[in-house]
Amino acid sequence: MHRFFVPPESIVADVVAIPRSKARQIARVLRLNPGDEIVVLDNTGDEYDVTLTEISADNAVGRVTDRRHTSGEPRRRIVLYQALLKSDKFELVLQKCTELGVAAFVPFASKRTVVRERSGDHTRTRRDRWLRIVEEAAEQSHRGRLPKVRDPITLLEACEQANGVVLMPWEDEHSTGLRQMISKSASIGSRDSEIGIVIGPEGGFSEGEVESARERGVTTVSLGSRILRAETAAIATASAVLYELGELGT
Ligand code: SAM
């Protein structure tokens, strides 16, 4: 059944007023009809079985037939601190790491980020596009919650904000491997502590940036002898951490 995140205020008693953007998708793209069933999620942890009762080009209404807590969320929060990348690469990271189970994305600018931060409409349009990519990926992958997408900060701010165990894959790290670190991370820290992953830009991290990160408790790890593209490193590291946590099938 198709799944849609809607604002909690769209659900009043047992009636759901589907927001216009979703109503259009239901009517024109999916061509659903009254009587068809969908699942609606309020992003507060509940999901609802809904029977559609009215559908027009810009409007859709449904009736709740069942309600339950959502599943589909990893037991530990994974936060991905991702250097800004060229748009298609950054968007690939958002989509794939949403499917995998990342709880929050924190974009950051660093010394060697190729993408220059612009302001105004461009930033707003880009953020709207990011949120749409994350929402579509969360609906498709049956996530129970929408991952958060923070506004871009600097690498230093990211290292200062990050809490719990924070791993920074760095290709010049040769003594600590990801595998030994994540098995340690998966066991340490309580269930509600976060695991942070910090992935650099196309140009990588400078030595100075690595030192500053380490001074703030970040652990550099190697992903092996092959140099991965940033988007590959993000997806691979998130996959390995979630695998170790038993979140990719036990
Ligand atoms: N210095 C790299 C080069 O020579 O091409 C550029 C950085 S790499 C394209 C982008 C990011 O992926 C790095 O900042 C790091 O976070 C991660 N990464 C890629 N390969 C890695 C490896 N073998 N070990 C640890 N981190 C890696």
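Okay, so let's go over this structure.

### A few points about the overall build of the chain
In terms of regular secondary structure, the chain is built from 7 helices and 13 strands. Relative to a compact globule of 250 residues, whose C-alpha radius of gyration would be 18 Å, the chain shows 20 Å and is just as compact. When each of the 250 residues of the chain is scored for burial, the buried share is 46%. Pairs at least 24 residues apart make up 74% of the contacts formed inside the chain by residues separated by at least 6 positions. Accessible surface, the chain as shown: approximately 12500 Å² in total, 48% of it carbon and sulfur. Charge separation in the chain, taken as the distance between the mean sites of 35 positive and 37 negative side-chain charges, equals 2 Å.

### Notes on the environment of Asn 43
Considering the arrangement of structural elements, one finds Asn 43 in the loop between β4 (37–41) and β5 (46–56). When the C-alpha atoms of Asn 43 and Arg 145 are compared, they prove to be 5.1 Å apart, with 102 residues separating the residues in sequence. Among residues more than four places away in sequence, those in contact with Asn 43 are Phe 5, Arg 145 and Leu 146. A polar side-chain atom of Asn 43 sits 2.8 Å from the main-chain amide nitrogen of Leu 146.

### Section: helix α2 (residues 87–100)
Across its 14 residues, α2 extends 20 Å between first and last C-alpha, which sits within 8% of the 20 Å expected from 1.5 Å per residue. For α2, every residue scored as buried is listed here: Lys 89, Phe 90, Glu 91, Val 93, Leu 94, Cys 97 and Thr 98. Tucked inside the fold, the buried residues of α2 contact β7 (78–83), β8 (104–109), α3 (121–140) and α7 (230–244). Among the residues trailing α2, Gly 101 stands out with phi positive, at a value near 130 degrees.

Calculation rules
Residues numbered from 1 in each chain as written. Predicted model: local features only at pLDDT ≥ 70, side-chain atom pairs only at ≥ 80, totals over all residues. Heavy atoms only, no water. Helix = DSSP H or I, 4+ residues; strand = E, 2+ residues; numbered from the N terminus. Rg over C-alpha atoms; globule rule 2.2 N^0.38 Å. Buried < 20%, exposed > 50% of the residue type's maximum accessible area, 1.4 Å probe, protein only. Contact = heavy atoms within 4.5 Å. Areas by Shrake-Rupley, 256 points an atom, 1.4 Å probe, with all protein chains shown as cover. Lys, Arg positive; Asp, Glu negative; His and termini not counted. Charge placed at Lys NZ, Arg CZ, Asp CG, Glu CD. Polar contact = N/O pair within 3.5 Å; in protein donor to acceptor, adjacent residues only side chain to side chain. Expected span 1.5 Å × (residues − 1).

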